[in-house]
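# Residue-level structural notes
What follows is the residue order along each chain.
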Amino acid sequence: MRIRITVLPGDGIGPEVITEAVCVLEAVARVFKHEINFTFKEIGGCAIRQHNDPLPEGTLTACLEADAVLLGAVGDPEFDNYPTHLRPEAGLLRLRRGLGAFANLRPARLFDSLAGASPLKSEVIKGTDILIVRELLGGLYFGEPRHVSDVNGTREGINTMRYSEPEIERIARVAFDLARSRRRKVTSVDKANVLECSRLWRETVTRVAQDYPDVKLEHQYVDSCAMALVARPASFDVMLAENMFGDILSDEAGAVVGSLGLLASASIGGPVGLYEPVHGSAPDIAGKGIANPLGAILSAAMLLRFSFQLDNEAAAVETAVEKILSAGHRTRDLASGDQQFVTTEEMGKHVTDYIERIG
Ligand code: IPM
Ligand code: MN
């Protein structure tokens, strides 16, 4: 197969982890006899520095012309005081919208060998295997009006949580469809006891569920869900959430399974899929060679599966990660106490070598 991937390393630890993910994809291409072409472009802070725009025209065009997009991270404290449209994050939001990627899939599964890396007791996390389905193009992130303005001499900030029924319906269908290939349970997250927007969410999800009588639906308020996620994480299968709730709960899920550095994501629904680790740019550890590349590597596996239906190739990457972890290799975020840890590059090399060996 011939595959064209646009790669956006971005900011902070983005370039380091993406280098490893690209090496893994190159190994997959060698072993499984595919041809992968990579085009590298700027996004986020590095794009602002070079082009004065967090998503330059050429970057969006290259993404729309590719078969899939692999992204590292965006975010740089240098731009903290810049206006919204000139912040690194604005580039990512415009990219998601430009790609029509409304469905963000974030799996959080416990690797057995990492039970000791979680801050929670191993009997609590045993069997945790969650798929967070986060709506990605609506809610507070995109709702209008949004601004800080002067109201009679006092500054006032406003954002809008807004969802139309069709927007809720299409993400709910993604969650129910995916539940059918898993344990057939959907937990829909909202704050329907307070927010009108959430009441429409709950009503719409309940209606969509009628088309899926074989899938069990439960509703949870977001605050109670945040608690249940640490108290009994193994009770969740598919967790369906609006944009902001999904953002918050996915970081929490990362800690539950041992480290946010492990979490991968796929943003699908439009013509070109976008794949990125869930962690951010982590400027405090950037350039030190200690970032965990597994979130980026597992995002590359999702890319193979969702954009190209290369299930064997994706499984090879996932198995490699699982084996490398059970062999005891740890990046710093996964190491406990005085446990030895490997660098970003060494971890990537372990995965690449494993894939080459099965070839
Ligand atoms: C994520 C990130 C982004 C988000 C930021 C960088 C805009 O936190 O992908 O979870 O909030 O969606
Ligand atoms: Mn986030």
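Residues numbered from 1 in each chain as written. Chains lettered and ligands numbered in written order. Predicted model: local features only at pLDDT ≥ 70, side-chain atom pairs only at ≥ 80, totals over all residues. Heavy atoms only, no water.

## What about the nonpolar core?
- Within the largest apolar cluster, 98 residues are counted, with the highest numbers of intra-cluster contacts made by Leu70, Val133, Phe176, Met239, Leu240, Leu325 and Val351.
- In terms of residue count, helix 10 (residues 294–308) provides more of this core than any other element does, 10 residues in total.
- Both domain 1 (1–103 + 261–359) and domain 2 (119–256) contribute no fewer than three residues apiece to this core.
- In this structure Met239 touches Ile130, Leu131, Ile132, Val133, Thr187, Val189, Cys225, Leu229 and Leu249, once residues within four positions along its chain are discounted.
- Leu8, Leu55, Val74 and Leu274 belong to the second largest nonpolar core, which has 13 residues in total. (Core = buried A, V, L, I, M, F, W, Y, C linked by side-chain atoms within 4.5 Å. Buried < 20%, exposed > 50% of the residue type's maximum accessible area, 1.4 Å probe, protein only. Helix = DSSP H or I, 4+ residues; strand = E, 2+ residues; numbered from the N terminus. Domains from an automatic or database assignment. Contact = heavy atoms within 4.5 Å.)

## As for the pattern of salt bridges
- Across all of its chains, the model carries 29 salt bridges by this definition.
- In this structure, Arg87 engages Asp80 in a salt bridge whose closest nitrogen and oxygen atoms are separated by 3.9 Å.
- Exposure remark for Arg87: the relative accessible area of 24% places this residue in the partly exposed category.
- Among the ionic contacts, a cluster of salt bridges with common partners joins Glu165, Glu169, Arg173, Arg207 and Asp211. (Salt bridge = Lys/Arg side-chain N within 4 Å of Asp/Glu carboxyl O.)

## Topic: the packing of aromatic side chains
- Evaluation of the coordinates by the stated rule reveals four aromatic pairs.
- Taking the centre distance of 6.5 Å and the plane angle of 40° together, the rings of Phe38 and Phe40 count as tilted.
- Taken together, a centroid distance of 5.0 Å and an interplanar angle of 20° make the contact between Phe176 and Tyr212 stacked. With Phe176 in helix 6 (residues 165–179) and Tyr212 in the loop between helix 7 (196–209) and strand 9 (216–221), this residue pair connects regions lying 36 residues apart in the sequence. (Phe/Tyr/Trp six-rings, centres within 6.5 Å; stacked < 30°, edge-to-face > 60°.)

## Describing the domain arrangement of the chain
- Here the chain is partitioned into domain 1 (1–103 + 261–359) and domain 2 (119–256).
- Of note, the centres of domain 1 and domain 2, computed from C-alpha atoms alone, are 24 Å apart.
- In this complex, domain 1 contributes 11 residues to the contact, which on the side of domain 2 involves 14 residues.
- In total, domain 1 and domain 2 occlude about 1,100 Å² of area from one another, counting both sides; carbon and sulfur atoms represent 76% of this.
- It is Leu93, Arg96 and Phe102 that lose the most area in domain 1 upon contact with domain 2, and together they represent 50% of the buried surface on that side.
- Across the contact surface, domain 1 and domain 2 share zero salt bridges.
- The greatest single-element share of the side of domain 1 that touches domain 2, amounting to three residues, is contributed by helix 4 (residues 88–98).
- Class assignment for the residues of the side of domain 1 that touches domain 2 results in six nonpolar, three polar and two charged. (Buried area = accessible area lost by both parts, 1.4 Å probe. Nonpolar A, V, L, I, M, F, W, Y, C, P; charged D, E, K, R; others polar.)

## A closer look at helix 9 (residues 243–256)
- If you check helix 9, its first and last C-alpha atoms are 20 Å apart, about what 14 residues at 1.5 Å a residue would give, namely 20 Å.
- Inspection of helix 9 places Asn243, Phe245, Gly246, Leu249, Ser250, Glu252, Ala253, Gly254 and Val256 among the buried residues, and these make up the whole buried set.
- The backbone nitrogen of Met244 has a side-chain oxygen 3.0 Å away, supplied by the residue at the start of helix 9, namely Glu242.
- Of the residues one or two after helix 9, Gly258 is the one with positive phi, at around 125°. (Expected span 1.5 Å × (residues − 1). Polar contact = N/O pair within 3.5 Å; in protein donor to acceptor, adjacent residues only side chain to side chain.)

## Digging into the site of ligand 1
- Near ligand 1 you find Glu89, Arg96, Arg106, Arg134, Tyr141 and Asp247, and these make up its full shell.
- One of the side-chain nitrogen or oxygen atoms of Arg106 is found 2.8 Å away from an oxygen atom of ligand 1.
- Between ligand 1 and the protein, one listed contact pairs an oxygen atom with a side-chain N or O atom of Asp247 at 2.9 Å.
- Burial of ligand 1 by the protein amounts to 82% of the accessible area it has alone, namely 320 Å².
- The residue makeup of the shell around ligand 1, split by class, is one nonpolar, no polar and five charged. (Near = heavy atom within 4 Å. Areas by Shrake-Rupley, 256 points an atom, 1.4 Å probe, with all protein chains shown as cover.)

## Quick word on the environment of Thr6
- Positionally, Thr6 belongs in strand 1 (residues 2–10).
- A sequence separation of 268 residues divides Thr6 from Leu274, and the C-alpha atoms of the two residues are 9.5 Å apart.
- Filtering out sequence-adjacent residues up to four positions away, Thr6 remains in contact with Thr39, Lys41, Ala62, Cys63, Ala66, Ala68, Val69 and Leu70.
- Of note is the side chain of Thr6, whose polar atom sits 2.8 Å from the backbone oxygen of Ala62.

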